[in-house]
Amino acid sequence: MTTIDKTALGRLDQEGRLFNAVLKAPTTKPGRFGFRGDIALKFQPQIADEKRPPDISMEQVLTFAQEGEATIPVLAGYLHSFAYLETAAEVLDGLLKPSGKYFIFCNNIDLLAAYQVTLRGIPFIILPCDESTVWKEMMDLMGIDKNDTRKLDTAGKLDVLLDIALRYEGRYKAITFEEGVAGMYPVKNRNENRPV
């Protein structure tokens, strides 16, 4: 039975970064451990035993890691602001590889934009996401009909989606992180229907 501590997700787990898990368990493939949930990127100062939600998180994360491998081969997640990508790259430093597939959906970029940003030697595919979910956007991007996965459990669906994502060959215009920040829109306040 594959346990998280035998995979590249183990470090994030030990750091207390994996939370709100829909799935945090071995998947249908041998030696594979899957995670669907949020990754804390920046913690709030903790007072005594009080558990506070993170300041910044990568939400709706879809990923898996293989037992005995040092890196995570594929990951998709949502950042409320493109600017958080720098923090995400820092937190995940050493756990990603240049040949991996990493899809980051952001709320405050042009809805027609799609580009690639390389940070710490890792290429991230940056895509817009507004009023949708990472799961739905990834299913659409990979061309998977949800009827094809209807009979599968959560782990099985994750395997199907991420196995296709691993082979994804979409090409995107490369921009720098600084160019991406310069082109950002104001971050939307989730509690109101207007920019902050």
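Residue numbers run consecutively from 1 along every chain, following the written order of its sequence. Given that the model is predicted, a residue must reach a pLDDT of at least 70 before its local features are reported, and side-chain atom pairs must reach 80 or more before they are shown or counted; all residues, however, enter totals for whole chains, interfaces and linings. Hydrogens and waters are ignored; side-chain quantities use all the structure's heavy atoms.

Q: Give a detailed account of the overall build of the protein chain, specifying residues and quantitative values.
A: Helix and strand content of the protein chain: 6 helices and 8 strands. Think of it this way: any DSSP run of H or I at least four residues long counts as a helix, any run of E at least two long counts as a strand, and we number them from the N terminus. Moving toward the C terminus, one meets the helices and strands of the protein chain in the order α-β-β-β-β-α-β-β-β-α-α-α-β-α. Computation of the radius of gyration draws on C-alpha atoms alone. For the globule rule, the value is 2.2 Å times the number of residues to the power 0.38. Here the C-alpha radius of gyration of the protein chain, 16 Å, is about what a compact globule of 196 residues would show, namely 16 Å. Only protein chains enter the calculation, and the probe is 1.4 Å; a residue is then buried if its accessible area is under 20% of its type maximum, exposed if over 50%, and partly exposed in between. Scored against the burial criterion, the 196 residues of the protein chain give a buried share of 47%.

Q: Provide a residue-level description of the packing of helix α3 (residues 134-141) against helix α5 (residues 154-166), including the pertinent values.
A: Axis angles are defined between N-to-C directions and span 0 to 180 degrees, where every axis is a line fitted to C-alpha atoms and, for a helix, only to the segment in contact. With their axes 10 Å apart at the nearest point, α3 and α5 run at an angle of 50 degrees to one another. Classified by the interaxial angle, the pair formed by α3 and α5 is oblique. In this structure, α3 meets α5 at a crossing whose hand is left-handed. On α5, the residues that touch Trp135, Met138 and Met139 of α3 are Lys157, Leu158, Leu161 and Ala165. The classification used treats Ala, Val, Leu, Ile, Met, Phe, Trp, Tyr, Cys and Pro as nonpolar, Asp, Glu, Lys and Arg as charged, and all other residues, Gly among them, as polar. Here the contact of α3 with α5 is built from residues that sort into 6 nonpolar, no polar and 1 charged. For classification purposes, angles smaller than 35 degrees are called roughly parallel, those larger than 145 roughly antiparallel, those between 65 and 115 roughly perpendicular, and all remaining angles oblique. By convention, the crossing between two helices is left-handed when the near helix turns anticlockwise from the far helix through less than a right angle, and right-handed when the turn is clockwise. Whether two residues are in contact is decided by their heavy atoms, any of which lying within 4.5 Å being enough.

Q: Help me get a handle on the pattern of salt bridges, residues and values and all.
A: In the sections that follow, a salt bridge refers to a side-chain nitrogen of Lys or Arg positioned within 4 Å of a carboxyl oxygen of Asp or Glu. Tallied over the full model, the rule gives 11 salt bridges. Notably, a salt bridge pairs arginine 32 with aspartate 159, separated by 2.7 Å at the nearest N-O pair. Of the two residues, arginine 32 is situated in strand β2 (residues 32-42) and aspartate 159 in helix α5; the sequence distance between them amounts to 127 residues. Given the relative accessible area of 7%, arginine 32 is considered buried. Each member of the salt-bridge network shares a partner with another, and the members are Lys29, Arg32, Asp159 and Asp163.

Q: Tell me about the environment of valine 22, and please be specific about residues and values.
A: With respect to the helices, strands and loops of the structure, valine 22 is situated in strand β1 (residues 18-26). Given a relative accessible area of 58%, valine 22 falls into the exposed group. The spatial distance from the C-alpha of valine 22 to the C-alpha of alanine 155 is 9.8 Å, given a sequence separation of 133 residues. Residues in contact with valine 22, not counting those within four places in the same chain, are Arg36, Gly37 and Thr154.

Q: How would you explain a negative patch on the surface if you had to name every residue and give the values?
A: A surface patch of like charges, here negative, comprises Glu86, Glu90, Glu178 and Glu179. Listing elements by their share of the negative patch, those giving two or more residues are α2 (85-91) and α6 (177-182). Following the sequence through the fold, glutamate 178 ends up in helix α6. Like charges within 9 Å and nonpolar side chains (Val, Leu, Ile, Met, Phe, Trp, Tyr) within 5 Å are joined into patches, using only residues over 30% in relative accessible area that form no salt bridge. Using a 1.4 Å probe, accessible areas were evaluated by the Shrake-Rupley method; residue-level cover was limited to the displayed protein chains. Positive charges come from Lys and Arg alone, negative charges from Asp and Glu alone, with His and the N- and C-terminal ends not counted. By convention, charge coordinates are those of NZ in Lys, CZ in Arg, CG in Asp, or CD in Glu.

Q: Give a detailed account of α3, specifying residues and quantitative values.
A: Every buried residue belonging to α3 is among Val134, Trp135, Met138 and Met139, and all of these are buried. What you see down the axis of α3 is that its buried residues fit within an arc of 130 degrees, all on one side. Lining the buried residues of α3 we find β2, β3 (56-66), β4 (74-79), β5 (101-106), α4 (146-149) and α5. Following α3 by one or two positions, glycine 143 adopts a phi angle in the positive range, close to 70 degrees. As used here, the arc is the angular range of directions from the helix axis to the C-beta atoms.

Q: Requested: an account of the sheet that holds β2, with residues and values cited.
A: A pair of strands is labelled paired if DSSP reports no fewer than 2 bridges between them. Reading across the sheet, the 8 strands line up as β1-β2-β3-β4-β5-β7-β6-β8 and stay open at both edges, with mixed pairing between neighbours. Strand pairing shows two members of the sheet lacking a second neighbour, β1 and β8 (173-175), which therefore form its edges. Shown here is a sheet whose adjacent strand axes are inclined to one another by a mean of 25 degrees, direction ignored. As judged from the 6 bridges shared by β1 and β2, these two strands associate in the antiparallel manner. Within β2, the position partnered with leucine 18 by the bridge is isoleucine 39. Along the sheet, α5 makes contact with β1, β2, β3, β4 and β5, crossing β3 at roughly 85 degrees.

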